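Notes for the structure review
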Amino acid sequence: MHKNPATDDLRVFTVVVRKASFGDAATELGVSPAYVSKRIRLLEQELAVKLLHRTTRRVAVTEEGERVFHWAQRILDDMDQLLQEVAITRREPRGQLRVSSSFGFGRQIVAPALSRLVEQHPGLQVRLEVFDRLVDVAGEGFDLDVRVGDEIAPHLIARRLADNHRVLCAAPAYLESHGTPRTLAELPSHDCLVIKERDHPFGVWRLRSGAVDETVKVRGPLSANNGEMVVQWAVHGRGIALRSLWDVGAHLRAGRLVQVLPDWYQEANVWAVYPTRLDRSAKVRVCVEFLEAYFRTEWGKVQPQGGQVLDVQGAGSAGVGPAVALPFIKK
């Protein structure tokens, strides 16, 4: 008679399958590769089946391993749901919460918010990971993705946390030497700072003015996959950038950057994206509700009004429209 496999061993096995690597699984779990290998060996002994084919470079799942993997996921999901329902009755979430975000937004905005979250809920262990690409939330094992941008797959559940826009901006020195574009058609002749970051199509800027949507293809001598570098280049007068207000607000207020074509903007709201309903997970529910409250108090909302969008008081440059408040994050 076989023993019942331990849920911890099943969890180790599912991570190995998802990562296709003992070493990567060990890194995610915070244990040694030797520990992972031992747990998989014990699980194979208890089930009397070979679960994995090991090579020097990769781990492949056997046919029996595929069946065990699907059952393990169901068992672990049921166990997690049981624990979460108990946690809901305690009204105190517990366990690891895996959160993803983009580089700049994750570092500047999400990380401070999650720091406050664990102060209020010490039973949570939050793991934040940042990427320069769009994350497959369920497929990569994340509980929650905090993202900027409105393109969200229909199979995911999302809740809007804050309003946000991307605006065109450049340093006064760049505009003095290259001129200020007066129409979207002039943008391709300018040095534009192109970024490939998560959901951004490379070199394609989709912009809106009132009810009108336009797409413009831009290029320039500098491009990156990191928004913070693009902002740095813009401040140094290297070209025109399309960046979120949360990212360039301080530079706009200080006059280091000014808006270009202020009637045009790109909607890029802040969303919490998760694979399952909040009533199934106390830890995700508590995190999303906390982030909603956090953004309400820490984030100034900016809305387009009457087709006139987004400027900074005292910017004092040509091509700059009416002034409204910018979003801010309290220190």
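Residues numbered from 1 in each chain as written. Predicted model: local features only at pLDDT ≥ 70, side-chain atom pairs only at ≥ 80, totals over all residues. Heavy atoms only, no water.

Some points on helix 2 (residues 22-29)
- When we look at burial in helix 2, the residues that qualify are Phe22, Ala25, Ala26 and Glu28. For helix 2, the angular spread of the buried residues around the axis is 165°, confining them to a single face.
- Those residues of helix 2 that are buried lie in contact with helix 1 (7-19), helix 3 (33-47), strand 1 (52-54), strand 2 (59-61), strand 3 (95-102) and strand 4 (124-131).
- With a side-chain oxygen positioned 3.3 Å from the backbone nitrogen of Gly23, the residue opening helix 2 is Ser21.
- Positive phi shows up at Gly30, right after helix 2, with a value of about 75°. (Buried < 20%, exposed > 50% of the residue type's maximum accessible area, 1.4 Å probe, protein only. Helix = DSSP H or I, 4+ residues; strand = E, 2+ residues; numbered from the N terminus. Arc of directions from axis to C-beta. Contact = heavy atoms within 4.5 Å. Polar contact = N/O pair within 3.5 Å; in protein donor to acceptor, adjacent residues only side chain to side chain.)

Considerations on the pairing of strand 5 (residues 144-148)
- Strand 5 sits mainly inside the fold: five of its five residues count as buried.
- Burial of the side chains of strand 5 extends over both faces: Leu144, Val146 and Val148 are buried on one face and Asp145 and Arg147 on the other.
- Inspection of the sheet shows strand 3 paired to strand 5 by two bridges, in the parallel sense. Counted as the bridge partner of Ser100 is Asp145 from strand 5. (Pairing = 2+ DSSP bridges.)

Here's the deal with the environment of Phe69
- Looking at the secondary structure, you find Phe69 in helix 4 (residues 63-90).
- Judged by relative accessible area, Phe69 falls into the buried class, the value being 13%.
- C-alpha separation for the pair Phe69 and Leu10, spaced 59 residues apart in sequence, amounts to 8.1 Å.
- In contact with Phe69, other than residues within four places in its own chain, are Phe13, Thr14 and Val17.

Some words on the sheet that holds strand 15 (residues 270-274)
- Spatially, the five strands line up as an open sheet ordered 4-3-5-15-6, and their pairing is mixed. The open sheet is flanked by strand 4 and strand 6 (157-162), the only strands paired with a single partner. Pairs of neighbouring strands in the sheet enclose a mean axial angle of 25°, with direction left out of account. (Axes fitted to C-alpha atoms, helices over the stretch in contact; angles between N-to-C directions.)

Structural notes on the packing of helix 2 against helix 3
- Between helix 2 and helix 3, whose axes approach to 8 Å, the crossing angle comes to 105°. If you check the angle between helix 2 and helix 3, you find them roughly perpendicular. Across from Phe22, Gly23, Ala26 and Leu29 in helix 2, the residues of helix 3 making contact are Pro33, Val36, Ser37 and Ile40.
- Grouping the amino acids of the contact of helix 2 with helix 3 by side-chain chemistry returns six nonpolar, two polar and no charged. (Parallel < 35°, antiparallel > 145°, perpendicular 65-115°, else oblique. Nonpolar A, V, L, I, M, F, W, Y, C, P; charged D, E, K, R; others polar.)

So far we have only geometry, and geometry alone does not tell us how the molecule works.
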